[in-house]
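The lines below spell out each chain.
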Amino acid sequence: MIESASLLAVLPELILTAGGLVLMLVAAWGGEASSRVVHWLSVLTLALAGIALSTSLANGPVAFDGLVRADAFSAFAKAMIYAAAAAAILLAPRYFRTDGKERPEYPVLILFSAIGMGMMVSAGDLLTLYVGLEMQSLAAYVLASFMRQDVRSSEAGLKYFVLGSLASGILLYGAALLYGFTGTTAFDGIAVAMGDGVSNGELFGMVFLLAGLAFKMSAVPFHMWTPDVYEGAPTPVTAFFATAPKVAAMALFARVLHDAFGNAIPDWRQIVGLLSVLSMFLGAIAAIGQTNIKRLMAYSSIAHMGYALIGLAAGTQLGIKAMLLYLAIYVTMNIGTFAFILGMEKDGQPVTDISALNMYAKRAPGKALAMLVLLFSLAGVPPMLGFFAKLGVWQAGVDAGLIWLVTASAIASAIGAYYYLRIVFLMYFGSENDDRLDEGKSGLLSTFLFASAVIMVVGIVNTFGVEGAAISAAATLVN
């Protein structure tokens, strides 16, 4: 008999499941005519799931005999995931209308992916981890190849599926090794087994498991899918991939390291540090030659995951708090940036070449200024909020004695600033030509763009309670 407390602990997932199933039937029955209703009801479902997070917290941190953790850490991560998923749904209709077809199945797939991500950040066992990861991934594979008539979208979906399957196999092999050498799949049991030291078998299992998880956050050297998938997938899907799944993967990474491998910090710190420095430098250098703004944002996401990993490598409560704040700021910046990218159109068709932004500030000064704020924040230019995000993880790294990693990240940040500032240069000082972008008329896209830019400025003095929630979440995970 399942206890009611356990069901309440997963109430957000139950709401998303019920909503997803009902809306799937509505989409199948109503067809394209139901698209607008399905989109708004999907956002409402995500909002209800977010409200239900407080109920899940009220029934204790452990549910289903340790399979699920409903604590402040998972609640913080889920709140970011649901907000990013809702934004990805709201940003999509205008894009799909340019193709001449409404897409009522799109928000349903987002909901099912959100269920998997919720399970990921709440996992207390390797089995829960894998089920959540695969549920998120299966929906993501379909989303990547959503535009079936577009060869690039089909290619993106196929690449993501093949490489994702390989990563899942690596992760499963690591989980099998850990089970074989520790005798349990529960995170608590693995932590106890490693309390007296890490054996070679356990170390191999940990490395394979972390490699599989690193693929999901596109950390180097498991990043190879990211540029092609970001470029080929529909832009709203790319916006989704750049936000919610990154939060889920990073939160799961932190959960596994501290709940399962908390007694082996010296063993995994060097792994996380290596992933961090490789991701920062590849993301900074490889983006310099990119002219496609979606590919550029792909390398940007790789670099930002590297910066966030500094907080995780610290292995401290301060590091987790800094990482969570970094992710919250990163998600906000990316939502605004992709709202701008979705507004880049010529003759009603999407444009992704950055050369189209030449002298854009002359035609749309307000949007150019908002984009400038976001790009400065992405580059970590003070006094934008993005700078303080990096400052937070740097402080955590210094406190943990990771001076070399902080120094490397400062160098990578200086290199990476070039490709963000290049877009600013084009918008304000580029060569004017006749190939101008259409005048954007979407109030919703502009709202996301300007709201994100305002947060990057106002957030310097007021984090709207996010910092306090991050402190509480970090204290839950690392005590």
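See the structure above.
Thresholds applied
Residues numbered from 1 in each chain as written. Predicted model: local features only at pLDDT ≥ 70, side-chain atom pairs only at ≥ 80, totals over all residues. Heavy atoms only, no water. Helix = DSSP H or I, 4+ residues; strand = E, 2+ residues; numbered from the N terminus. Rg over C-alpha atoms; globule rule 2.2 N^0.38 Å. Buried < 20%, exposed > 50% of the residue type's maximum accessible area, 1.4 Å probe, protein only. Contact = heavy atoms within 4.5 Å. Expected span 1.5 Å × (residues − 1). Patch = residues over 30% accessible without salt bridge, like charges linked within 9 Å, V, L, I, M, F, W, Y side chains within 5 Å. Areas by Shrake-Rupley, 256 points an atom, 1.4 Å probe, with all protein chains shown as cover. Salt bridge = Lys/Arg side-chain N within 4 Å of Asp/Glu carboxyl O. Phe/Tyr/Trp six-rings, centres within 6.5 Å; stacked < 30°, edge-to-face > 60°. Lys NZ or Arg CZ within 6 Å of the ring centre and 35° of its normal. Axes fitted to C-alpha atoms, helices over the stretch in contact; angles between N-to-C directions. Parallel < 35°, antiparallel > 145°, perpendicular 65-115°, else oblique. Left-handed = near helix turned anticlockwise from the far one by under 90°. Nonpolar A, V, L, I, M, F, W, Y, C, P; charged D, E, K, R; others polar. Core = buried A, V, L, I, M, F, W, Y, C linked by side-chain atoms within 4.5 Å.

J.: Please clarify how the overall build of the protein chain should be interpreted in this entry.
T.: Summing up its helical and strand segments, the protein chain has 23 helices and four strands in all. For the protein chain, whose C-alpha radius of gyration is 21 Å, the value lies close to the compact-globule estimate of 23 Å for 479 residues. For the C-alpha atoms alone, the extent of the protein chain along its principal axes is close to 70 × 55 × 40 Å. Here the protein chain holds 479 residues, and 60% of them are scored as buried. The long-range share in the protein chain, meaning contacts at least 24 apart out of those at least 6 apart in sequence, stands at 81%.

J.: Got a minute to help me understand the environment of A322 in this structure?
T.: One can find A322 in helix α17 (residues 317-342). Along the primary structure A322 and L391 are separated by 69 residues, whereas in three dimensions their C-alpha atoms are 8.8 Å apart. Each residue touching A322, except ones within four places of it in the same chain, is listed here: G392, V393 and A396.

J.: Would you take a moment to explain helix α9 (residues 151-182) for this structure?
T.: Between its first and last C-alpha atoms α9 spans 46 Å; for 32 residues at 1.5 Å apiece the expected length is 46 Å, and the two agree. Of the residues flanking the end of α9, it is G183, one or two places downstream, whose phi is positive at about 80 degrees.

J.: Is there a simple way to explain the side chain of K78 in this structure?
T.: By the element assignment, K78 lies in helix α5 (residues 72-90). Overall, K78 belongs to the buried group, its relative accessible area being 2%. Among all residues touching K78, those that are not within four sequence positions of it are E13, L53, G118, V121 and S122.

J.: Help me understand a nonpolar patch on the surface, please; the structure alone is not making it clear to me.
T.: Where nonpolar side chains cluster on the molecular surface, the patch consists of F388, V454, I455, V457, V458, I460, V461 and F464 and spans about 700 Å² of accessible area. For the nonpolar patch, the leading source of residues is helix α22 (residues 443-458), giving four residues. In this structure, F464 sits in the loop between α22 and α23 (466-477). Exposure remark for F464: the relative accessible area of 55% places this residue in the exposed category.

J.: Please explain the pattern of salt bridges as it appears in this structure.
T.: Oppositely charged side chains are able to pair whenever their charged atoms sit close together. The tally for this structure, following the rule as stated, stands at 11 salt bridges. Salt-bridge contacts for E13 lead to K78; the nearest nitrogen and oxygen are separated by 2.9 Å. Highlighted residues: E13 in helix α2 (residues 11-30) and K78 in helix α5, separated in sequence by 65 residues. The shortest N-O distance in the salt bridge between E155 and K159 comes to 2.9 Å.

J.: Where do I start with the packing of aromatic side chains in this structure?
T.: Pairs of aromatic rings are described using the distance from one ring centre to the other and the angle between the two planes. Scanning all chains against the criterion turns up 17 aromatic pairs. Taking 5.0 Å as the distance between ring centres and 80 degrees as the angle between the ring planes, the aromatic pair formed by Y173 and F208 counts as edge-to-face. Taken together, the residues Y173 in helix α9 and F208 in helix α11 (residues 200-216) connect sequence positions 35 residues apart. Note on Y173: relative accessible area 46%, which makes it partly exposed. On the basis of relative accessibility, which here comes to 28%, the residue F208 falls in the partly exposed class. A network of ring pairs unites the aromatic residues Y141, Y160, F161, F215, W225, F240 and F241 as a single cluster. Over the ring of Y307 we find K390; its NZ or CZ atom is 4.4 Å from the centre of that ring.

J.: What is the right way to read the packing of α5 against helix α14 (residues 244-260) from this model?
T.: When two helices pack together, their arrangement is given by the angle between the helix axes and the distance between those axes. Contact pair α5 / α14: the axes reach a minimum separation of 8 Å and the direction vectors enclose 165 degrees. Classed by the angle they form, the pair α5 and α14 counts as roughly antiparallel. Here α5 runs over α14; the crossing is left-handed. Along the contact surface, α5 presents F73, S74, A77, M80, I81, A84 and A85, while α14 presents A244, V247, A248, A251, A254 and R255. Class assignment for the residues of the contact of α5 with α14 results in 11 nonpolar, one polar and one charged.

J.: Just checking my understanding: could you explain the nonpolar core for this structure?
T.: Counting residues in hydrophobic clusters, the biggest one holds 172 residues, and the most contacted among them are F241, F253, F261 and L312. With 18 residues, the top contributor of residues to this core is α17. Those residues in contact with F261, other than ones at most four positions away along the chain, are L178, I190, M194, M206, L209, L210, V256 and W268.

J.: What exactly am I supposed to notice about the environment of I455 here?
T.: By secondary structure assignment, the location of I455 is in helix α22. For the pair formed by I455 and V151, sequence separation is 304 residues and the distance between their alpha carbons is 37 Å. Among all residues touching I455, those that are not within four sequence positions of it are T332 and L385.

J.: Before we go on, may I ask you to explain helix α7 (residues 105-121) in this structure?
T.: An α-helical turn contains 3.6 residues, so any two residues separated by three or four positions project in the same direction. Its 17 residues give α7 an end-to-end C-alpha distance of 25 Å, which sits within 8% of 24 Å, the value for a rise of 1.5 Å per residue. Taking burial as the measure, the 17 residues of α7 include 15 buried ones, the bulk of the element.

J.: Would you take a moment to explain the environment of L46 for this structure?
T.: Summarising the element assignment, L46 is placed in helix α3 (residues 35-51). L46 sits 190 residues away from P236 along the chain, and the two C-alpha atoms are 17 Å apart.

J.: Quick question: what am I supposed to make of unusual backbone geometry here?
T.: Glycine aside, a negative phi is what most residues show, and trans is what most peptide bonds show. Of the consecutive residues V220 and P221, the connecting peptide bond is found in the cis state with omega at 10 degrees. With respect to the secondary-structure elements, P221 resides in the loop between α11 and α12 (226-232). For the bond running from P382 to P383, omega is 5 degrees, close enough to zero to count as cis. Structurally, P383 is set in the loop between α19 (365-379) and α20 (385-399). In this structure, S218 takes a positive phi of about 55 degrees despite not being glycine.

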